[in-house]
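Fold and geometry: a report
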Amino acid sequence: MKPPILIIIMSTIISGTIMVLMSTHWLMTWIGFEMNMLAVIPILMKNFTPRSMEAATKYFLTQATASMILMLGITTNLLLTGQWTMLNNQNQIASSMMTIALAMKLGLSPFHFWVPEVAQGVPLSSGMILLTWQKIAPLSVLYQISPSINPNLLAMMAIMSILVGGWGGLNQTQLRKILAYSSIAHMGWMTAVTAYNPDLTSLNLMMYIMMTLSTFMLFMYSSSTTASSLSHTWNKFPLITSLTLTLMMSLGGLPPLSGFIPKWMIIQELTKNDMIIMPTLMAMMALLSLFFYMRLTYATALTLFPTTNNMKMKWQFESTKKMILLSPTIVISTMMLPLTPMMSILN
């Protein structure tokens, strides 16, 4: 893609998301979503292969359906309350429609089927935008309408998403599909707490974006798309192999790493609201996700080939890609646990 075209498309994506973030008027929010969706499709089709075109078509159809349901919810709310503003208490029917539309945009279960397919069909850089930036706008709207959301509907979708995100990733060898199922599970954790403390949702989103960005950048640096190609990196990039191990553990939410912070605070918040069964189920289902991260880690960093490579000529080329933000994002993704008290004060 030519640089001027790329700049125009990326600025449209960014301005669409910013419009959604800043707007308190439902029509402007909807227009922001549409700008964002239509500008992302050329980014998904960057390679212009049948696979990426199929992925972009699936993405368009799902997002267009979600936009239609969102507009139905907005017009229902307008008919019943006579207001376009987002901050008034919506009618329960309109609120449920909007929640379902935003769940489709986020890829929450049972509307999750498009996420692995689209992520697998597009290049790594497009997948990175799809699984990080594209989550900001729907979650910001969910944050704003959180007082009027039906908590039972949200809890059901959250539990199903964590289960699907853990179960679906178990049998995968494709890294993009693994990260897509990881995204579904993380979205489940975020929406579980939205009705009780939306600030924790935004904290979890920030941590998730940092961890996913770091993981995608490592995969792009070593040009790995499958578990087997990632297992070859120890010979050429031993440091990247060990960093992948640490990031996978952080995505799984193991205690010494940053990924543990949002899980810990969400479980704490839910137990404060006299919910015992739901956080217990969520913690148990998070073990499924942790298992496939562990399996990927084992295949990548904890196994060596029977023979070492003593050849003078390396069969893998030197990487010429520049990943400027890799170091700070990895530090944030792994070493933020001591700052938890500060984050809890902010919330």
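For the structure itself, look to the data block above.
Summary of the structure given here. (Residues numbered from 1 in each chain as written. Predicted model: local features only at pLDDT ≥ 70, side-chain atom pairs only at ≥ 80, totals over all residues. Heavy atoms only, no water.)

A separate point is the overall build of the protein. A tally of helices and strands in the protein yields 17 helices and zero strands. Its C-alpha radius of gyration of 20 Å places the protein within 12% of the 20 Å reference for a compact globule of 347 residues. Seen through its principal axes, the protein has C-alpha atoms that stretch 75 × 50 × 35 Å. For the protein, long-range pairs separated by at least 24 residues make up 78% of all intrachain contacts whose partners lie at least 6 apart in sequence. Carbon and sulfur atoms provide 72% of the accessible area of the protein, an area that totals close to 15600 Å². Across the protein, 16 positive and 7 negative side-chain charges occur, with their mean positions spaced 16 Å apart. (Helix = DSSP H or I, 4+ residues; strand = E, 2+ residues; numbered from the N terminus. Rg over C-alpha atoms; globule rule 2.2 N^0.38 Å. Contact = heavy atoms within 4.5 Å. Areas by Shrake-Rupley, 256 points an atom, 1.4 Å probe, with all protein chains shown as cover. Lys, Arg positive; Asp, Glu negative; His and termini not counted. Charge placed at Lys NZ, Arg CZ, Asp CG, Glu CD.)

Mapped onto the elements of the fold, T194 is located in helix α9 (residues 175-194). At 2.9 Å, the side chain of T194 forms a polar contact with the backbone oxygen of M190. The contact partners of T194, leaving out residues within four places of it in the chain, are L142, S146, L154 and T201. (Polar contact = N/O pair within 3.5 Å; in protein donor to acceptor, adjacent residues only side chain to side chain.)

Formed by 77 residues in total, the largest nonpolar core has its most connected members in W26, L44 and Y59. Apart from the residues within four sequence positions on either side, Y59 is in contact with M37, V40, I41, L44, W114, V118, L130 and Q134. If you look at the next biggest cluster of nonpolar residues, it comprises 20 residues, including I266, M275, A286 and M336. (Core = buried A, V, L, I, M, F, W, Y, C linked by side-chain atoms within 4.5 Å. Buried < 20%, exposed > 50% of the residue type's maximum accessible area, 1.4 Å probe, protein only.)

Here we take up the pattern of salt bridges. Inspection of every chain in the model, using the stated rule, returns three salt bridges. K58 is paired through a salt bridge with E54; the nearest N and O atoms lie 2.8 Å apart. One end of the pair, K58, and the other, E54, are both in helix α3 (residues 50-81), four residues apart, so they sit about a helical turn from each other. A relative accessible area of 39% places E54 in the partly exposed class. The partner of E117 in a salt bridge is K177, and the shortest N-O contact between them spans 3.8 Å. In this pair, E117 is assigned in helix α5 (residues 114-121) and K177 in helix α9, connecting sequence segments 60 residues apart. Salt bridges sharing common partners tie together E54, K58, E117 and K177. (Salt bridge = Lys/Arg side-chain N within 4 Å of Asp/Glu carboxyl O.)

Relative orientation of the contacting elements helix α6 (residues 124-131) and helix α10 (residues 198-221) amounts to 175 degrees, with a least axis distance of 10 Å. On the basis of their axis angle, the class for α6 and α10 is roughly antiparallel. Residue-level inspection shows L124, S125, G127, M128 and L131 of α6 in contact with α10, the latter providing Y208, T212, L213, F216, M217, F219 and M220. Tallied by class, residues from the contact of α6 with α10 come to nine nonpolar, three polar and no charged. (Axes fitted to C-alpha atoms, helices over the stretch in contact; angles between N-to-C directions. Parallel < 35°, antiparallel > 145°, perpendicular 65-115°, else oblique. Nonpolar A, V, L, I, M, F, W, Y, C, P; charged D, E, K, R; others polar.)

Moving on to the packing of α9 against α10. Running from N to C, α9 and α10 cross one another at 170 degrees; their axes reach a closest spacing of 8 Å. One way to sum up the angle between α9 and α10 is to call them roughly antiparallel. Residues L175, R176, L179, S183, H186, M187, W189, M190, V193 and T194 of α9 lie in contact with α10, whose contacting residues are P198, L200, T201, N204, L205, Y208, M211, T215, F216 and F219. Here the residues of the contact of α9 with α10 sort into 13 nonpolar, six polar and one charged.

Cis rather than trans, the peptide bond between S109 and P110 has omega equal to 5 degrees. In this fold, P110 is placed in the loop between α4 (92-106) and α5. Positive phi is not limited to glycine here, since F48 has a value of about 55 degrees. Residue position: F48 is located in the loop between α2 (26-44) and α3. Relative accessible area serves as the criterion here: at 59%, F48 is assigned to the exposed category. Even without glycine at this site, D274 takes up a positive phi of about 60 degrees. Along the chain, D274 turns up in the loop between α14 (260-272) and α15 (277-301).

For the rest of this paragraph, the subject is the packing of aromatic side chains. Evaluation of the coordinates by the stated rule reveals three aromatic pairs. Where Y59 meets W114, the ring centres are 5.6 Å apart and the plane angle is 65 degrees; that geometry is what we call edge-to-face. Remark: W114 occurs in helix α5 and Y59 occurs in helix α3; sequence separation between them is 55 residues. Ring plane angle 50 degrees and centroid distance 4.8 Å describe the contact between F292 and Y293, whose orientation is recorded as tilted. Like F292, the residue Y293 is buried in the burial classification. One residue, K263, lies across the ring of W189, its end atom 5.1 Å from the ring centre. (Phe/Tyr/Trp six-rings, centres within 6.5 Å; stacked < 30°, edge-to-face > 60°. Lys NZ or Arg CZ within 6 Å of the ring centre and 35° of its normal.)

The next subject is the environment of K105. Mapping K105 onto the fold places it in helix α4. Separated by 92 residues in sequence, K105 and I13 place their C-alpha atoms 15 Å apart. Apart from residues no more than four positions distant in its own chain, K105 is found in contact with F33, Q63, A66, S67, W114 and P138. A distance of 3.4 Å separates polar atoms of two side chains, one belonging to K105 and the other to Q63.

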